[in-house]
Amino acid sequence: MPPTVSMPNSMPPRLKGAYWEAARCLRCCDPPCNQGCPAGIDVARFIRQLSKGDVSGAADTIERDNPFGLICGWICPSEVLCQKDCTARKLGRAIDIRSLQRFAIEENRRAGSSNRFLTRPQLAEQRIVVEGQVKREAPTNVAASSGLVAVIGSGPAGLTCGLILVRLGYRVELWEKTDTIGGRLSHGIPSFRLDSAVLRSELEILASPLIIHRSRAFGMELGLDDLRRQGCQAVFLATGKWRENIPEIPGNQLIGVSTADQILTQEDWKSAGVKSAAVVGAGNAAMDVARSLLAEGVEMVHVLYRRTPKELTSWDEEREEAWQAGVIFHLLCLPVALEGDSAGRVRSIVCARTAPGPLDSSGRRSFRAVEGYSFELPVEMVVYALGYGTDCASLESQGIWVDEEGFVRVNEDLATNVDGVFAGGDLIGKGRGTVVQAVADGKRAALSIHQYLSRERRQGE
Amino acid sequence: MSRPDLKVSFCGFQCENPFLLAASPVSRFGEMIERAFRMGWAGAVTKSVSLAQDLPDHSLSPRFAGIGLGGSGLTAPYKGGLANIDFRIDQSVEKTMADYALLKSRYPDKFLAISLKAEFDQKQWQHLAGLATAAGADAIELCLSCPDPCGEGGSCAGGSIGQNPQSVKEVVTWVQSATYLPVMVKLSAHVANLAAIGLAAQEGGAAALTAINTLKSISGIDLATLSPFPTIEGMSAAAGLSGAAIKPIAQFCLDELAGEPSLQLQLSAAGGVTCAQDAIEFLLLGARTVQVTTQIMLEGYGLIEDLRDGLAAFMEKHRFRTVEELVGAIRPKLARSSKELSRRQQLIAQIDADLCIGCGRCYLACRDGAYQAIEFHPDRTVRVDSEKCAGCGLCRITCPVPAAIRFTAKEEHTEGSA
């Protein structure tokens, strides 16, 4: 029996109006919301169930396809996924699907019902959405499943894959580099976006059916050969991206220079009493950093971005919240140096103005510094939030191909170049970086691994 | 053109507009009715007074249930109806009548009908009629149709009287002989022949009929507890259903009465009036006044502003000078049966591509409920197959955008597109 969950007592306004909101759904034909969910949730169905008062059925529909349904109900960027093409938008406003999802599951947790992904009598036929096409896959040969699979990384991709494989009859051992499970969820999502008690209890439930080895990093000390020696017949790599990008400019050694992860996961900076800060980068992590700084009493928070709003990767809602919270945005500027005082502390950041250049390899416009056009902002702290790179060395040491952008190369089944080794989540490509996409990868990898092992077994007979 | 005149004569009283509070929780006592009068209601029929109300108040709790549309009763945001079980006046007959007398003396221009209910007993009815007359009421309404069992033995007193033309006639005759006031009779839809009941009231000497009272209903079941609504110590019983859900039935009943040639009584409509449009419909069907309860219970007496202004705007637009002109104005357009209607008119649906939002609801409805005449394309556009379209009208009902689907004559359409 999975552990019980704690739910916050207060209910935000958008959740209180859930039944009214669900009733607004048009119940349209061939609903676009269903094509927008990478994890394959039958969105239209759960909204319909909610609108008819069947809140338990709604939770069932969500969690049959997404074990992280509750967490996605807090942080999924629905406006660019299921809500993007919502027909109700043409009547003024898309349905607030994310809030409906959170409401349905929270109501069920309050009523004492645990995560339906785990309590279902058997694994449901899995729906996966690839490029807007809904695919259904019902695993076959389940009765004959046996063997040991290693999952590397305990983020949403790894946990989802492990949970499905366990339900298919495999033994799964999960290896986690840190002492905390959850991956990016547990390292860097501020509590104003996701209640930490909810996250903890949800992760605890999801981890309960799995054997997890903590503080064991993949790479030198734990390689593919070690796993094979232990009897693992397949491996799923979902280690994520953790190496923070830092520009090479003078002054990075100064006191007061840090990275997004340090701000979002550590506490010591809070006692420094800093009153002004510059955040370099304007992605979602940068927005989280900027808001966390404001919340801790930093009075002036500048966000520096070298491109224009058109190229921004942060979600509109996150950015709007940052604007409203008081963050000051500087667009078209590029840090070129940090100045320090005599005590070795950051005193200011020097930025060059930028201008648009040609398109880069990702199709985004590049921006170059304009000669002789710069400005200096007095700040006591500089935080780099420029995204993450892959730890290529540990992967390459195991013979796994990594492309020039640092992503692990996989085929349609998420198989890498090494036989029996699959990869997913943030490791494998752009446009990842969401829990729901990680869940989708975890599902796809689990089904691919099941297919692979069934094939191996047949060949062995 | 001058402002339309909303006044209407009803039971010999000049009402400032056709809108009255119905005998119900919204007209329970003087202070409530007074507030409604000040907001513009033309009059009120009081909550029914019975001799049994001197009993200590043991009204049921809870006594209302919301009837949801498109979902369960508790969660459906849109309430299509209200079920009411055992709502009674919680003060003595003496206090109630004194209350009404004071109210009438302060608002002589407002129409006040006192509603009465009793068992099939001449003494009780005549006693109550005497009290109502002494209170200065403008009319008496007899509740012969309450779906609640209100007799002392639990027998459905008022309600059972209304089932039988003979007893209706008798009660009206008793009351008639004990008062000089006009008598209104409130009818139930739960009868085989409503016109016959109306005729019996006419023979007894009634001045007007009110149709209809609430309908008997079961308010649904709480699936968490397996107990019916409204739940009283785990149990429930049939309740009286009112509100939007019963409007079409109330209109049918009104049509039955207005369409009976030998019935000459004035008619007052009740049942599911939620807005000016509803009220105007009842007037056009033959009612002289319209009584309202449920929508007031849901949104307050302020509803009168919508009713009054909506009626005035409608009359101006259609050049009706008085409400009298409006009463029954569409009666010649109601055939006695659908068999009498023309089959020459053949229509076809036309979907306005600019207004269409591509939801595909019309396609689903037509595919599974009609003639498979609408195509839904992968780019979310729709097209009507003019060969298959039978002009049934279902698609327009499902469309969320007003005026996106129109109907034109099939003949014209084929000529035009040829």
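Going by the structure above, here's the rest.
The paragraphs below set out a description of the structure included in this document. (Residues numbered from 1 in each chain as written. Chains lettered and ligands numbered in written order. Predicted model: local features only at pLDDT ≥ 70, side-chain atom pairs only at ≥ 80, totals over all residues. Heavy atoms only, no water.)

A count of helices and strands for chain B gives 14 helices and 20 strands. Its C-alpha atoms give chain B a radius of gyration of 24 Å, near enough to 22 Å, the size a compact globule of 418 residues would have. Judged by the C-alpha coordinates and their principal axes, chain B covers about 75 × 60 × 40 Å. Residues counted as buried form 50% of the 418 residues belonging to chain B. Long-range pairs, those at least 24 residues apart, make up 68% of the contacts in chain B with a sequence separation of at least 6. Carbon and sulfur atoms provide 53% of the accessible area of chain B, an area that totals close to 19300 Å². (Helix = DSSP H or I, 4+ residues; strand = E, 2+ residues; numbered from the N terminus. Rg over C-alpha atoms; globule rule 2.2 N^0.38 Å. Buried < 20%, exposed > 50% of the residue type's maximum accessible area, 1.4 Å probe, protein only. Contact = heavy atoms within 4.5 Å. Areas by Shrake-Rupley, 256 points an atom, 1.4 Å probe, with all protein chains shown as cover.)

The next thing to look at is the layout of surface pockets. Residue and element names in this part refer to chain A. When its volume is computed, the second largest pocket comes out at roughly 550 Å³. In this structure, the second largest pocket is lined by 25 residues; those nearest its centre are Ile189, Pro190, Ser191, Ser196 and Leu264. Mapped by element, the contributors of at least two residues to the lining of the second largest pocket are helix H10 (196–207), helix H12 (260–265) and helix H13 (284–295). Element by element, the count of residues in the lining of the second largest pocket is highest for H10, at five residues. In the lining of the second largest pocket, the residues fall into twelve nonpolar, eight polar and five charged. When residues are assigned to domains, the lining of the second largest pocket turns out to be shared by domain 2 (139–241 + 390–460) and domain 3 (244–388), each giving three or more. (1 Å grid on protein atoms, 1.4 Å probe; cavity = no way out; pocket = protein on both sides within 12 Å on 5 of 7 lines; lining within 4 Å. Points joined across faces, edges and corners; volume = space filled by probe spheres on them. Nonpolar A, V, L, I, M, F, W, Y, C, P; charged D, E, K, R; others polar. Domains from an automatic or database assignment.)

Here we come to the sheet that holds strand E6 (residues 232–237) of chain A. Residues and elements named next belong to chain A. Taking strand neighbours across the sheet as the criterion, the five strands line up as E5-E4-E3-E6-E17 in an open arrangement whose pairing is parallel. A single partner strand is all that each edge strand has here, and the edge strands are strand E5 (211–213) and strand E17 (421–423). Here the strands of the sheet are splayed against their neighbours by 20 degrees on average, with no regard to which way each runs. Across the face of the sheet, helix H9 (residues 156–167) comes into contact with strand E3 (148–152), strand E4 (171–175) and E6 while running at roughly 165 degrees to E4. (Pairing = 2+ DSSP bridges. Axes fitted to C-alpha atoms, helices over the stretch in contact; angles between N-to-C directions.)

Turning our eyes to something else, we now look at a positive patch on the surface. Residues and elements named next belong to chain A. Judged by side-chain charge, Arg27, Arg45, Arg48 and Lys52 come together as a positively charged surface patch. Its location among the elements puts Lys52 in the loop between helix H4 (43–51) and helix H5 (55–65). Residue classification places Lys52 among the partly exposed positions, given a relative accessible area of 43%. (Patch = residues over 30% accessible without salt bridge, like charges linked within 9 Å, V, L, I, M, F, W, Y side chains within 5 Å. Salt bridge = Lys/Arg side-chain N within 4 Å of Asp/Glu carboxyl O. Lys, Arg positive; Asp, Glu negative; His and termini not counted. Charge placed at Lys NZ, Arg CZ, Asp CG, Glu CD.)

Take the environment of Ala52 of chain B next. By the secondary structure assignment, Ala52 of chain B is in the loop between strand E4 (43–45) and strand E5 (64–68). For the pair Ala52 of chain B and Lys117 of chain B, spaced 65 residues apart in sequence, the C-alpha to C-alpha distance is 9.4 Å.

What follows is about the nonpolar core. Core analysis: the largest hydrophobic core is formed by 102 residues, its most contacted members being Phe68 and Leu237 of chain A. The element contributing the most residues to this core is helix H16 (residues 435–460) of chain A, with nine residues. Looking at this core, you find at least three residues from each of domain 1 (13–134) and domain 2 (139–241 + 390–460) of chain A. Other than its neighbours up to four places away in sequence, Leu237 of chain A contacts Ile152, Phe218, Leu395, Ile400, Val421, Phe422, Ala423, Gly424 and Leu427 of chain A. One finds Ala118, Val185, Ala201 and Ile280 of chain B within the second-largest nonpolar core, a separate group that totals 98 residues. (Core = buried A, V, L, I, M, F, W, Y, C linked by side-chain atoms within 4.5 Å.)

With that out of the way, let us pick up empty space enclosed by the protein. Residues and elements named next belong to chain B. The full count for this structure, using the stated rule, is four cavities of 30 Å³ or more. The space that makes up the largest cavity amounts to roughly 450 Å³. As for the largest cavity, its lining consists of 34 residues, of which Ala23, Ser24, Lys186, Asn213 and Thr214 are closest to the centre. Mapped by element, the contributors of at least two residues to the lining of the largest cavity are strand E6 (79–84), strand E8 (139–143), strand E14 (239–242), strand E16 (289–292) and helix H9 (294–299). If you tally residues by element for the lining of the largest cavity, the top one is H9, at three residues.

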